[in-house]
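Tertiary structure, described
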Amino acid sequence: MFTSLKRIFHFGWINFSRNPGPNLAVIFVLVIVISLVTSLYLFQRPAKFLIEAIQKKVDVSVYFKENSSEEEIFKISQQISKIPEVKSTEYISKAEALEKFTERHKEDPVLMESLEELGINPFLASLSIKALDTSSYEGIISFLEKEEFKPLVEKIDYYQKKSVLQKLLFINYQVNKFGIIFSIFLAAIAILVGFSQIQLSLYNSKQEIGTMRLVGASNFFIRGPFIVQGIIIGIFAALITALIFGGALFLLNPKIESFVPGLNLLGFFTGHIFVILLIQIITGVSIGVLASSIAIRKYLKV
Amino acid sequence: MIKFQNITKVYPQNIIAINNVSFDIKEKEFVCIVGRSGAGKTTLLKLLLAIEQPTRGKIFFEGKDISKINSRNLPKFRRKIGAIFQDYKLLPSKTVYENIAYVMELMGRSDREIARETLQILEIVELENRSHNFPNQLSGGEQQRAAIARAIAHRPQLILADEPTGNLDPYHTQDIIRLLKKIHKLGTTVILATHHGEIIDSLKERVVTLEQGEIIRDEEKGRFII
Ligand SMILES: Nc1ncnc2c1ncn2[C@@H]1O[C@H](COP(=O)(O)OP(=O)(O)OP(=O)(O)O)[C@@H](O)[C@H]1O
Ligand SMILES: [Mg+2]
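Described in the following lines is the structure provided in the data block. What you see is a predicted model; the values in this text were computed from it and never measured.

Definitions and limits used
- Residues numbered from 1 in each chain as written.
- Chains lettered and ligands numbered in written order.
- Predicted model: local features only at pLDDT ≥ 70, side-chain atom pairs only at ≥ 80, totals over all residues.
- Heavy atoms only, no water.
- Donors = N, O, S within 2.8 Å, 3.2 Å for Na, K, Ca; no water.
- Helix = DSSP H or I, 4+ residues; strand = E, 2+ residues; numbered from the N terminus.
- Near = heavy atom within 4 Å.
- Polar contact = N/O pair within 3.5 Å; in protein donor to acceptor, adjacent residues only side chain to side chain.
- Areas by Shrake-Rupley, 256 points an atom, 1.4 Å probe, with all protein chains shown as cover.
- Patch = residues over 30% accessible without salt bridge, like charges linked within 9 Å, V, L, I, M, F, W, Y side chains within 5 Å.
- Salt bridge = Lys/Arg side-chain N within 4 Å of Asp/Glu carboxyl O.
- Lys, Arg positive; Asp, Glu negative; His and termini not counted.
- Charge placed at Lys NZ, Arg CZ, Asp CG, Glu CD.
- Contact = heavy atoms within 4.5 Å.
- Buried area = accessible area lost by both parts, 1.4 Å probe.
- 1 Å grid on protein atoms, 1.4 Å probe; cavity = no way out; pocket = protein on both sides within 12 Å on 5 of 7 lines; lining within 4 Å.
- Points joined across faces, edges and corners; volume = space filled by probe spheres on them.
- Nonpolar A, V, L, I, M, F, W, Y, C, P; charged D, E, K, R; others polar.

Taken together, the protein donors to the magnesium ion (ligand 2) comprise T42(B) (OG1) and Q86(B) (OE1), at separations of 1.8 to 2.2 Å. Residue T42(B) is located in helix 1 (residues 41–48), and its partner Q86(B) is located in the loop between strand 6 (81–84) and helix 3 (96–106); the two are separated by 44 residues in the primary sequence.

Here it is, written out as structure tokens:
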């Protein structure tokens, strides 16, 4: 049994190494599919990174009416701080709000001029509330919408930022969904191409398969080498893809890091290299084996 | 060892290749099957290898009806037989060496044994310096010798030789016949189909003569008369 397996692997390797042309074509298609699957896996990283970054920035701002006093606001602030989901509250006074605004727009003389012409501070005092978790904002808001705060609260500003976050989550979901559908689609193409390539080479060896049967080869010995060939093709495709990704990330990582500070994709790649390789090899080998076993079925009925 | 019982083979379009043929072959016998081109020699050997099924009649190998061998056991049965095909049927993607080693590899022989036997056979058929060539790189006679080498290398109980000297020069023909005789002496059953008259006459073995699918003569120490 062991010698038979060894021989089947040897025959498979010979099949593979003696016709590089068709094998390379299959490998090429597989590299594309595996690349896509790998990208999907890697995309998790920046997506998560961005979502976390935005989640950090999300807060609820409560703007208070012109006539509300600081004491009243502090009282509310203390009440809010007692809610367990709240991480922090920050009071921004009218003066601070104006300061911040002038700081942001000091380059814009038109805006500054009109502000000066106004002669008064048009900004409202506000509390900026950060929650431990994005999902708790709904609760915090309903707390603020209570009847007792109505006379003081001008508006609660949350929805804008929330929609950005939701959009991002939605995009992430869509990318994943379409990525998976697209991968399946490409995998089907790869199976078809692999299948027809193997069938082509099988067509040439149709006679040979017949002869193998005449001299007493069992199905196992005829099918085996072709399946091994599929395995070898899959492994080669996986390794080539891993090299391409490793090389590309190595070259691009400084750019990515300067673009999105703190996002180290190369580190993520090398840190997860075994998982990534495993995903790649499983993808490659299963498609390779599937294609070759579908193709051989037809010719085994000699 | 082999029994043909009322065998008839009709190919599509009503071509009667073998017509109600019955005869026995004993263990360790050397049988020549002669007949004109189209007489049915190759068909007879194909029936014995279960490549073709008889239209009527039964063939027994070691007492077993070969039509009853299931597809699982068919490879094993075929490995008991070393067949030299008229059209060689070498494996085109394998080298001469690999062709010869192939059946032994199927049988699970050890690498060392396979290497030893293969090299020995290559020497016998004088193809040592062609061992790493592919069949399409060989001359007709060289291919024929490679086919012979493949058929005998695993030491089968029975050798079916269908026109094994058709493409050989007189020197190699004599060699191959001498080799078949030697293998026979060592205890192998040999069935030789040929229309090479001189060989038959010099062999002085049993001759079965076919004509249009029927046996017209079956003689011990026969001569070539068609
Ligand atoms: N697959 C087939 N389909 C139809 N007819 C066939 C087939 N194979 C052989 N025949 C016919 O059967 C007859 C016997 O053929 P066979 O090959 O047995 O002859 P043979 O004695 O081996 O001839 P040769 O000496 O030329 O090799 C021939 O008339 C041939 O045309
Ligand atoms: Mg013939």
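Residue and element names in this part refer to chain B. Ligand 1 sits among 13 residues. The nearest are S37, K41, T42, T43 and Q86. G38 places a main-chain nitrogen or oxygen 2.8 Å from an oxygen atom of ligand 1. Take A39: an N or O atom from its main chain is 3.3 Å from an oxygen atom of ligand 1. For ligand 1, the protein covers 67% of the area, taking 640 Å² as the surface of the free molecule. Ranked by the residues each element gives to the shell around ligand 1, the list is headed by helix 1, at 3 residues.

In this section: a negative patch on the surface. All names here are of chain A. Residues E70, E71, E72, E90, E96 and E99 make up a contiguous surface patch of negative charge. Of all the secondary-structure elements, those providing two or more residues to the negative patch are helix 3 (70–81) and helix 4 (94–105). The leading source of residues in the negative patch is helix 3, at 3 residues. On the secondary structure map, E71 appears in helix 3.

On the side of chain A, 15 residues touch chain B, which itself brings 24 residues to the contact. Around 1,900 Å² of area is buried between chain B and chain A when both sides are counted, 56% of it from carbon and sulfur atoms. Our count for the contact surface shared by chain B and chain A stands at 3 salt bridges. Among the salt bridges present, the one from K6(A) reaches D111(B), with a minimum N-O distance of 2.7 Å. Contributions of two or more residues to the side of chain B that touches chain A are made by helix 2 (74–79), helix 3 and helix 4 (111–124) of chain B. It is helix 3 of chain B that provides the largest number of residues to the side of chain B that touches chain A, a total of 6 residues.

Moving on to empty space enclosed by the protein. One pass over the structure, following the stated rule, counts 3 cavities of 30 Å³ or more. Volume-wise, the largest cavity comes out at about 70 Å³. If you go around the largest cavity, the residues you meet are L214(A), V215(A), I81(B), G82(B), A83(B), V103(B), R150(B), A151(B) and H154(B). When contributions to the lining of the largest cavity are tallied by element, the ones reaching two or more residues are strand 6 and helix 5 (140–153) of chain B. Looking at which element gives the most residues to the lining of the largest cavity, the answer is strand 6 of chain B, with 3 residues. A per-class count over the lining of the largest cavity returns 6 nonpolar, 2 polar and 1 charged.

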